[in-house]
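Okay, here's what each chain looks like letter by letter:
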Amino acid sequence: MNFLRSLTWLLLPASVLRASASLDEALDRVDERLTVSSWGGRVRTRLSGTLDLEAYQVEQPPPGLLQTGAHQLLIPRLTLFLDSQIGPKLYAFAQFRADRGFDPSDTPAEVRADEYAVRYTPWEDGRVSFQAGKFGTVVGSWRQRHLSWQNPFITAPMAYEQILGIYDGEAPSSFRDIVYVEPGSRYEYNPLIWGPSYTSGFQVAGVWGAFEYAAELKNAALSSRPEAWDFTDTGFAHPTISARLAYRPSPMWCFGVSGSEGSYMRPEAVPTFPDATGIGDYRQYLLGQEASFAWHHFEFWAEVFEGRFEIPRYGNADTVSGYLEGRYKVTPQLYVAMRWNQQWFGEIRNDSGRMRSWGYELRGLDTAVGFRPTAHTQIKLQWSVHQTTWRQLENAHTLAAQFTLRF
Amino acid sequence: MRWTGGPGCVGGAWRCAWLLAVGLWLGGWGLSDARGDSVLEGLVPLPKSHTLPVMNQRYEIVARGGVLAPRPPVAILYLEGAFTNPPPPVVQRVLQKEYMFLPGLLPVQVGTRVEFPNLDPTYHNVFSYSSPKRFDLGRYRPEDRPVPYQVFEKPGLVTLRCDIHEHMRGLILVVETPYFALSDTEGRFHLPGLPPGRHTLKAWLDSRTTLQVPVTVIAGTTNRVVFQ
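About the thresholds
Residues numbered from 1 in each chain as written. Chains lettered and ligands numbered in written order. Predicted model: local features only at pLDDT ≥ 70, side-chain atom pairs only at ≥ 80, totals over all residues. Heavy atoms only, no water. Helix = DSSP H or I, 4+ residues; strand = E, 2+ residues; numbered from the N terminus. Contact = heavy atoms within 4.5 Å. Areas by Shrake-Rupley, 256 points an atom, 1.4 Å probe, with all protein chains shown as cover. Buried < 20%, exposed > 50% of the residue type's maximum accessible area, 1.4 Å probe, protein only. 1 Å grid on protein atoms, 1.4 Å probe; cavity = no way out; pocket = protein on both sides within 12 Å on 5 of 7 lines; lining within 4 Å. Points joined across faces, edges and corners; volume = space filled by probe spheres on them. Core = buried A, V, L, I, M, F, W, Y, C linked by side-chain atoms within 4.5 Å. Patch = residues over 30% accessible without salt bridge, like charges linked within 9 Å, V, L, I, M, F, W, Y side chains within 5 Å. Salt bridge = Lys/Arg side-chain N within 4 Å of Asp/Glu carboxyl O. Arc of directions from axis to C-beta. Pairing = 2+ DSSP bridges. Axes fitted to C-alpha atoms, helices over the stretch in contact; angles between N-to-C directions. Buried area = accessible area lost by both parts, 1.4 Å probe. Polar contact = N/O pair within 3.5 Å; in protein donor to acceptor, adjacent residues only side chain to side chain. Nonpolar A, V, L, I, M, F, W, Y, C, P; charged D, E, K, R; others polar. Phe/Tyr/Trp six-rings, centres within 6.5 Å; stacked < 30°, edge-to-face > 60°. Lys NZ or Arg CZ within 6 Å of the ring centre and 35° of its normal.

Caption draft 1: Looking closely at the overall build of chain A. Within chain A, the regular secondary structure consists of 5 helices and 21 strands. Contacts in chain A between residues at least 24 apart in sequence constitute 60% of all its contacts with a sequence separation of at least 6. Surface exposure of chain A reaches about 16700 Å², of which carbon and sulfur atoms provide 63%.

Okay, structure coming up:
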């Protein structure tokens, strides 16, 4: 009932806005007012953003990175973007958010600077560029559509949000600690890739004909939590190196491979490590393959990641996670989307010396429908069902709705 | 008497008749309507400020430095009235070039077919949610044929956008007259080939501002109009 009430609150402003034909014009004028230039147009800055209202109806424990003990969750979120072009070679951007935590949760409101970076592009053809700051990872292809306006869904693919038996705060004391995720302490665990992974560091990227390349040196691993993403949190004592190479024979197709390697444990875990080992001895390795296709009103993305975590006392824990995702625009304003996610786990030696799977196989189907009443507003509805061999999460259903106002 | 013309003379007569018909037809244009001789020109005040768009390049490397060309404001001048034998609309084009719509402002007559060729080496997705014309062309490559197009059947303002590049914005003003022109960036305009008579000259400056004055177009003259 609460979810329905939340849904009504989401649909109500959308209906009102739909009736207002001048909304797009008004927001276009706001956009023009929020764009300023100086030095004869050589320096230009644009402030833009989104206002999101999300409602979730979840079973317990909640899926992915949702943090709540309740069955309903209502999340307002204000995101501001700053884009600056300083001459033809310098570009800077920043993203600020006010919400209830980086991932949907019932924690108190907070304000964060999620991204800020400066990019220098010496040549006009983009053959190479250098970027420094705090920004999303180059690994994979989901980064390009992870924001609420571009994402066909409300949630992320499984690889970017499904928590594993991995936790970065201390070494596991038993096999059960790895294979059984405590519902009350789910935030202690890590996914394979934590969302767009806005870690801090440096990037070199460019375009050479049909090839795109990018490499980055960041301060934290792909699975690291948002609290570890700032320079000031973890420093550069144990950097992560990631790279991506993509081949785009035409705008229609793109094929890419990515790789990443870095330490994933946090400094507070060191006292729990076996003797004579340190953070640098426990690393996360990831190899990714991606393909995407777009043609007229249809878009398709697929990614597969092979990940390995070096777990103190338990050795290498391997996992494979992938998804297939498609979106089709039925009308200029209406689209439908579907995503199939799957994750498998390898085996590690348990406390009695036997090889056992360190996770429960997961399958998940996400379906969504999106409608844009105006060029600046969007409504999404998502239904997901996730299955696992673990009885507590068998056929977990999630309903979600999101209203976005873009300005 | 020697018949010197022969069949050739008969052929020449046909040729003469054909030339006469063509001449009369062409003359008819001039006799029935003095367009081509009548001109309205003058000055219209333009909005002072104009924005310099900024491209969002957060998650992709954009060639050409991502610097977008400035787009100073211009006005659309169009003549409204009851016209006999108006010329049919001609096909127009709005290019997607260097991550912008070119031209950024296009006046067209009702019933005009507008083509949207993509000249960038990447995808664009042109769409409009404006009530006179709601459409979404989807994603298409520069080499795809036929070039996607739309026919604009209702008068009004249509805002063009790109679903991939949020800074891209263009306007098509669909008018119920074949007599229109764009001003230059100083506000000067020149509207030739007008039919004589009493009409209304309108100057569209932006979505909120359209100026108008009554005008009398006299055949073979150039009238000057200055909007205040």
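Caption draft 2: Layout of the overall build of chain B. Secondary structure summary: chain B contains 1 helix and 17 strands in total. Counting only residues that meet the buried cut, chain B has 48% of its 228 residues in that class.

Caption draft 3: Quick peek at empty space enclosed by the protein. All names here are of chain A. Per the stated rule, a full pass over the model turns up 7 cavities of 30 Å³ or more. Reported here for the largest cavity is a volume of approximately 490 Å³. Of all the secondary-structure elements, those providing two or more residues to the lining of the largest cavity are β2 (43-58), β3 (72-86), β4 (90-99), α3 (158-161) and β21 (396-406). The dominant element in the lining of the largest cavity, judged by the number of residues it contributes, is β2, at 6 residues.

Caption draft 4: Quick peek at the nonpolar core. Counting residues in hydrophobic clusters, the biggest one holds 34 residues, and the most contacted among them are Tyr160, Tyr264, Phe305, Phe309, Ile311 and Trp358 of chain A. Broken down by secondary-structure element, the contributors of at least two residues to this core are α3, β7 (163-167), α4 (175-179), β14 (298-311) and β15 (315-329) of chain A. With 19 residues, the next largest nonpolar core counts Leu46, Leu77, Leu201 and Leu205 of chain B among its residues.

Caption draft 5: A nonpolar patch on the surface, seen in detail. Residues and elements named next belong to chain A. Among the surface-exposed residues, Trp208, Phe211, Leu245, Tyr247, Trp253, Phe255 and Val257 lie close enough to one another that they form a single nonpolar patch of about 710 Å² accessible area. Counting only elements with at least two residues in the nonpolar patch, the list comes to β11 (240-250) and β12 (253-263). Of all the elements, β12 adds the most residues to the nonpolar patch, at 3 residues. Inspection of the secondary structure puts tryptophan 253 in strand β12.

Caption draft 6: Summary view of helix α2 (residues 23-33) of chain A. All of the buried residues in α2 of chain A are Leu23, Asp24, Leu27, Asp28 and Asp31 of chain A. What you see down the axis of α2 of chain A is that its buried residues fit within an arc of 135°, all on one side.

Caption draft 7: Structural detail: the sheet that holds strand β14 (residues 188-191) of chain B. All names here are of chain B. Spatially, the 3 strands line up as an open sheet ordered β14-β1-β17, and their pairing is mixed. The open sheet is flanked by β14 and β17 (222-226), the only strands paired with a single partner. Mean inter-strand twist for the sheet, computed between neighbouring axes without regard to direction, equals 15°. Examined bridge by bridge, strand β1 (residues 39-43) and β17 share 5 bridges and lie parallel to one another. Among the inter-strand pairings, leucine 40 is bridged to a residue of β17, identified as asparagine 223.

Caption draft 8: Summary view of the interface of chain A and chain B. Taken together, the 52 residues of chain A in the interface contact 40 residues of chain B. Taken together, the two surfaces of chain A and chain B that pack against each other cover about 4100 Å², and 50% of this comes from carbon and sulfur. It is Arg44, Pro251 and Pro332 of chain A in chain A that bury the most area against chain B; as a group they hold 15% of the surface buried on that side. The partner of aspartate 31 of chain A in a salt bridge is arginine 169 of chain B, and the shortest N-O contact between them spans 2.8 Å. Across the chain A-chain B interface, the total number found is 23 residue pairs in polar contact (both at pLDDT 80 or more). At 6 residues, the largest contribution of residues to the side of chain A that touches chain B is made by α2 of chain A. Along the lines of polarity and charge, the residues of the side of chain A that touches chain B split into 14 nonpolar, 19 polar and 19 charged.

Caption draft 9: Representation of unusual backbone geometry within the structure. The step from leucine 102 of chain B to proline 103 of chain B runs through a cis peptide bond, and the omega angle for that step is 0°. Position of proline 103 of chain B relative to the elements: it lies in the loop between β5 (100-102) and β6 (105-109). Of note in the backbone geometry, tryptophan 39 of chain A takes a positive phi value of approximately 55° without being a glycine. Note on placement: tryptophan 39 of chain A falls in the loop between β1 (35-38) and β2. Phi at glutamate 98 of chain B takes a positive value of approximately 50°, unusual for a residue other than glycine. Tracing the backbone through its elements, the reader meets glutamate 98 of chain B in the loop between β4 (95-97) and β5. Taking relative accessible area as the criterion, glutamate 98 of chain B reaches 39% and is therefore assigned partly exposed.

Caption draft 10: Looking closely at the pairing of strand β6 (residues 129-135) of chain A. Residue and element names in this part refer to chain A. Most of β6 sits inside the fold, with 5 of its 7 residues counted as buried. Here strand β5 (residues 110-120) pairs with β6 via 5 bridges, running antiparallel. Its bridge partner being in β6, tyrosine 120 is matched across the sheet by phenylalanine 130. When β6 meets strand β9 (residues 199-208), the two strands line up antiparallel, connected through 7 bridges.

Caption draft 11: The pairing of β9 of chain A, seen in detail. All names here are of chain A. Looking at chain direction, β9 and strand β10 (residues 211-218) are connected through 8 bridges and run antiparallel. Of the residues in β10, the one forming a bridge with alanine 205 is alanine 214. Taking the residues that link successive antiparallel strands as the turn, the β9-β10 hairpin has 2 residues, and the phi of glycine 209 there is positive, at about 60°.

Caption draft 12: How the structure looks around the packing of aromatic side chains. Taken as a whole, this structure holds 23 aromatic pairs over all chains when the rule is applied. Aromatic pair phenylalanine 83 of chain B and tyrosine 179 of chain B: ring centres 4.8 Å apart, planes at 75°, arrangement edge-to-face. Of this pair, phenylalanine 83 of chain B sits in the loop between β2 (76-80) and β3 (92-93) while tyrosine 179 of chain B is found in the loop between β12 (169-175) and β13 (180-182), placing the two residues 96 residues apart along the sequence. Note on phenylalanine 83 of chain B: relative accessible area 16%, which makes it buried. Three or more aromatic residues joined by ring pairs form one cluster here, namely Trp253, Phe255, Phe293 and Phe298 of chain A. Above the plane of the ring of phenylalanine 135 of chain A lies lysine 218 of chain A, whose end atom (NZ or CZ) is 4.4 Å from the centre. Here the basic side chain of arginine 339 of chain A rests over the ring of phenylalanine 153 of chain A, its NZ or CZ set 4.2 Å away from the ring centre.

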